[in-house]
Amino acid sequence: MLEVRNLSKTYDGVVALRNINLVIEKSEVVGIYGPNGSGKSTLLKIVSGFEKPTCGTVIFEGRDITNEKPYKIARMGILYSFQIPRLFTNLSVLDNLSLGLIRELGKFKAYEESLKILSELDLENLASKKAGELSQGEMKLLEVLKVLISKPKLLLLDEPFASLDSENVKKMLKILLKQRYTMVITAHRMKILKRIASRCLEIREGKIAKYEKIR
Amino acid sequence: MKDSQAILGLMVATVIFAPFILKLTLVFWIMNLAVVYSILVLSWIIMNKYTGYTSFAHSFPFGISAYLFALYGFLSIPVSCFISFVIFLILSKLNKEKFVFSTFILAIVFWMAVPYLTFNYDNIVVGGEEGLSLKSLPLMDSYLLSSSFLITSLFLLLFLEKTRVGLYLLAVGNDEVAAMGLGLNVNLIKSVCFVISSLIAVFSGVFYAVFFGHVSPDVFSVEVSLFPFIATILGQSYPVSVLISFALILSTRASVLVKYHLLLYASLLVVFPKLRRYAIARGAKFI
């Protein structure tokens, strides 16, 4: 489904990624772990189009998407959830969720679908609240739900567990374990990824240091 | 929110229809000016709210349309709109901070340059510091035209926000990177906003020209550039900002404040955000 070939990225002479090669199959959940600054987020940002690689290519469903714009990549079905939540803070939680669905379903059905998701997670009381008024944990959940609701072909989750308390980690796990999408999830440590991922890889200093098959 | 918007809409309508009840020429005159500036404020908010760009160059579409209308009539509307759109689009390629400064510089440059612009019109040199004259509309007609335009635009915009396109616009204005991540064509949405904003500002310039029957280089002045910013800082939303711009024009033009209105604007800009923070900290809610 996704193939990354000889991908490298440098920022003002500092190497963030070195010659990364990676293949992700359909329905696979790949966990990427590594310390801060190892290049995990850079890899996801390049795949989603928010960063351009210094060299190398990204192939999605047989098509070279290396230099495509982020919105075109999103329309192809690759959605990226930011490490630091980027929500529409002036809009309600319901509006934030509906935005990803509205083009396909229309406003009414998109709201209906969003409310359904919120009530499944016992979060319907947040529906009319402005996203900017949410707690840190709720923002993180909403950031993931916002992309997840659009039923993407490939979901890129950048540190979904970072800065979450144990209660919200449980909620996030509950959400992610229910999904059947192809996913790439990054985290600092492997322990939490092992519960979701079918395969894990470690990135260190911009290089893939270790592969591990989980299940 | 819906109720408050309806009440504000009703207030705007009441303010607009007041001169017909009072039937005083002076009231008509001042209200007409207030309507023209309110339309300009509306055009400014559209750009600010839906693209996140703060413009100090709305005096440009306002002034250029007034000038071109005096010279070429209705042809000025599409031409001024296109020129303004292209300028805003080019400047928007800079980041949002640079956009603020570059639009301010543009406004100053035009304000300085226009007094040197002269036109040969039927072998008579016109323009320069004197500006241009044209046939004005009767006060009542001019007022009806501009006030109906203001009310219609205001309600269309409030309606637009309830639609799918409105939600896209609000999302892009709020966080364009996040909007891109959800598959929204941010550049297209921003361009649509620039067109709508330019068009409404162009209409305010045309209404100004037909109201006064004369256009001077002052239509490009810094005061015109700053006015929408001041009204929006004080108003924060469409209906309230429009009301504020009304109040500002009325209070400064119809009283001894006329000499000191810039001082009043400056004081409001300094004092109001502090008062607002103070009120919010004590639980006040603004629309």
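A brief report on the enclosed structure follows. Residue numbers run consecutively from 1 along every chain, following the written order of its sequence. By the order in which they are written, chains take letters starting at A while ligands take numbers starting at 1. In keeping with the predicted nature of the model, local features appear solely for residues at pLDDT of at least 70, side-chain atom pairs appear and are counted solely at 80 or more, and the whole-chain, interface and lining totals rest on all residues. Heavy atoms throughout the structure, all of them, feed into the side-chain values; hydrogens and water do not.

Describing the interface of chain B and chain A
Then step 1. Should any heavy atoms of two residues lie within 4.5 Å, those residues are considered in contact. Contact with chain B, which involves 19 residues of that partner, is made by 23 residues of chain A.
Then step 2. For the pair chain B and chain A, the summed buried surface comes to about 1900 Å²; carbon and sulfur atoms form 64% of the total.
Then step 3. Once two parts are brought into contact, the accessible area they lose, counted with a 1.4 Å probe and summed over both, makes up the buried area. Broken down residue by residue, the surface that chain B buries against chain A is led by Leu167, Asn174 and Leu182 of chain B, which jointly contribute 33%.
Then step 4. A salt bridge links Arg86 of chain A to Asp175 of chain B; the nearest nitrogen and oxygen atoms lie 3.0 Å apart.
Then step 5. In DSSP terms, a helix is any run of H or I states spanning at least four residues, a strand is any run of E spanning at least two, and both are numbered starting from the N terminus. Those elements that provide at least two residues to the side of chain B that touches chain A are α7 (164–174) and α8 (176–181) of chain B. Within this document, salt bridges are pairs made up of a side-chain nitrogen of Lys or Arg and a carboxyl oxygen of Asp or Glu, the two lying within 4 Å of each other.

Focus: the pairing of strand β3 (residues 29–33) of chain A
Residues and elements named next belong to chain A.
Then step 1. Within β3, five of the five residues are buried, which leaves the element mostly enclosed by the surrounding structure.
Then step 2. Side chains of β3 alternate between two faces, with Val29, Gly31 and Tyr33 and Val30 and Ile32 buried alike.
Then step 3. Paired strands are those between which DSSP finds at least two bridges. Of the pairings in the sheet, the one linking β3 to strand β8 (residues 182–187) comprises five bridges and is parallel in character. Bridging from a neighbouring strand, Ile32 pairs with Thr186 of β8.
Then step 4. Of the pairings in the sheet, the one linking β3 to strand β9 (residues 199–204) comprises four bridges and is parallel in character. Paired with Val30 across the bridge in β9 is Arg199. Three exposure classes are used, based on accessible area relative to the maximum for each residue type with a 1.4 Å probe and protein chains only: buried under 20%, partly exposed in between, and exposed over 50%.

Comments concerning the sheet that holds strand β4 (residues 55–60) of chain A
All names here are of chain A.
Then step 1. Sheet architecture is open: four strands sit in the order β2-β1-β4-β5, paired in antiparallel fashion. Two strands in the sheet have a free side with no partner beyond their single neighbour: β2 (14–24) and β5 (63–64).
Then step 2. Bridging between strand β1 (residues 2–11) and β2 involves seven bridges; their strand directions are antiparallel. Bridged to Leu2 within β2 is Ile24.
Then step 3. Every axis corresponds to a line fitted to the C-alpha atoms, with the helix fit spanning only the stretch in contact, and the corresponding angles, defined between N-to-C directions, vary from 0 to 180 degrees. On the sheet, helix α1 (residues 40–48) packs against β1, β2 and β4 and is oriented at approximately 115 degrees with respect to β1.

Overview of the side chain of Lys190 of chain B
Then step 1. Among the structural elements, Lys190 of chain B can be located in helix α9 (residues 186–212).
Then step 2. Not counting the four nearest positions on each side in its chain, Lys190 of chain B is found in contact with Thr51, Tyr53, Val172 and Glu176 of chain B.

Points about the environment of Trp29 of chain B
All names here are of chain B.
Then step 1. Locating Trp29 in the fold gives a position in helix α2 (residues 25–51).
Then step 2. The exposure class assigned to Trp29 is partly exposed, which follows from its relative accessible area of 33%.
Then step 3. Along the primary structure Trp29 and Phe211 are separated by 182 residues, whereas in three dimensions their C-alpha atoms are 8.8 Å apart.
Then step 4. Those residues in contact with Trp29, other than ones at most four positions away along the chain, are Leu139, Phe211 and Phe212.

A few points about the state of the cysteines
Then step 1. Note on terminology: disulfide denotes any pair of cysteine sulfur atoms within 2.5 Å. What the rule picks out here adds up to zero disulfides over all chains.
Then step 2. In this structure Cys193 of chain B is not part of a disulfide, and its nearest cysteine sulfur, from Cys81 of chain B, lies 13 Å away.

A look at the environment of Glu167 of chain A
Then step 1. Mapped onto the fold, Glu167 of chain A is located in helix α7 (residues 166–177).
Then step 2. Taking the C-alpha atoms as reference points, Glu167 of chain A and Leu101 of chain A, separated by 66 residues in sequence, lie 28 Å from one another.

A look at unusual backbone geometry
All names here are of chain A.
Then step 1. The phi angle at Asp12 is positive, at roughly 45 degrees, despite the residue not being glycine.
Then step 2. Here Asp12 shows up in the loop between β1 and β2.
Then step 3. Asp12 gets classed as exposed once you look at its relative accessible area, which sits at 85%.
Then step 4. Phi at Glu61 is positive, roughly 50 degrees, even though this residue is not glycine.
Then step 5. Looking at where Glu61 falls in the secondary structure, it is placed in the loop between β4 and β5.

Some points on a nonpolar patch on the surface
Residues and elements named next belong to chain B.
Then step 1. Nonpolar side chains (Val, Leu, Ile, Met, Phe, Trp, Tyr) within 5 Å and like charges within 9 Å form the patches, drawn only from residues with over 30% relative accessible area and no salt bridge. Areas reported here follow the Shrake-Rupley algorithm with a probe of radius 1.4 Å; residue values treat only the protein chains shown as occluding. Among the surface-exposed residues, Tyr72, Leu75, Val79, Phe82 and Ile83 lie close enough to one another that they form a single nonpolar patch of about 510 Å² accessible area.
Then step 2. Element by element, the count of residues in the nonpolar patch is highest for helix α4 (residues 76–91), at three residues.
Then step 3. Since its relative accessible area comes to 56%, Leu75 is described here as exposed.

Notes on the nonpolar core
Then step 1. For this analysis, a nonpolar core means a set of buried residues of the types Ala, Val, Leu, Ile, Met, Phe, Trp, Tyr and Cys, connected via side-chain atoms within 4.5 Å. Counting residues in each nonpolar core, the largest one holds 114 residues, and the members touching the most others are Leu99, Leu176 and Ile185 of chain A.
Then step 2. Of the residues forming this core, the biggest block, 16 residues, is contributed by α2 of chain B.
Then step 3. Those residues in contact with Leu176 of chain A, other than ones at most four positions away along the chain, are Val144, Leu148, Leu157, Pro160, Phe161, Met183, Ile185 and Ile196 of chain A.
Then step 4. With 26 residues, the next largest nonpolar core counts Val4, Ile78, Tyr80 and Ile203 of chain A among its residues.

A look at the packing of α4 of chain B against α9 of chain B
All names here are of chain B.
Then step 1. Contact geometry for α4 and α9: axes closest at 8 Å, N-to-C directions at 135 degrees. With respect to each other, α4 and α9 are oriented oblique. In the crossing of α4 with α9, the sense of the turn from one axis to the other is right-handed. On α9, the residues that touch Ser76, Ile77, Ser80, Cys81, Ser84, Phe85, Phe88 and Leu89 of α4 are Ser191, Phe194, Val195, Ser198, Leu199, Val202, Phe203 and Val206.
Then step 2. When grouped by side-chain class, the residues that make up the contact of α4 with α9 number 11 nonpolar, five polar and no charged. Each angle is binned into one of four classes, with values under 35 degrees roughly parallel, values over 145 roughly antiparallel, values of 65 to 115 roughly perpendicular, and all other values oblique. Throughout, a crossing is termed right-handed when the near helix is turned clockwise from the far one, and left-handed when it is turned anticlockwise from it by less than a right angle. Residue type decides the class: Asp, Glu, Lys and Arg count as charged, Ala, Val, Leu, Ile, Met, Phe, Trp, Tyr, Cys and Pro as nonpolar, and the leftover types, Gly among them, as polar.

Concerning the environment of Pro61 of chain B
Residues and elements named next belong to chain B.
Then step 1. Positionally, Pro61 belongs in helix α3 (residues 59–72).
Then step 2. Put simply, Pro61 and Gly205 are 144 residues apart on the chain and 7.2 Å apart in space, counted from C-alpha to C-alpha.
Then step 3. In this structure, Pro61 is in contact with Ser84, Phe88, Ser198, Ala201 and Val202, ignoring residues within four places of it in sequence.

Some remarks on α1 of chain A
Then step 1. With eight of nine residues buried, α1 of chain A lies mostly within the body of the structure.
Then step 2. All buried positions along α1 of chain A are accounted for by Lys40, Ser41, Thr42, Leu43, Leu44, Ile46, Val47 and Ser48 of chain A.

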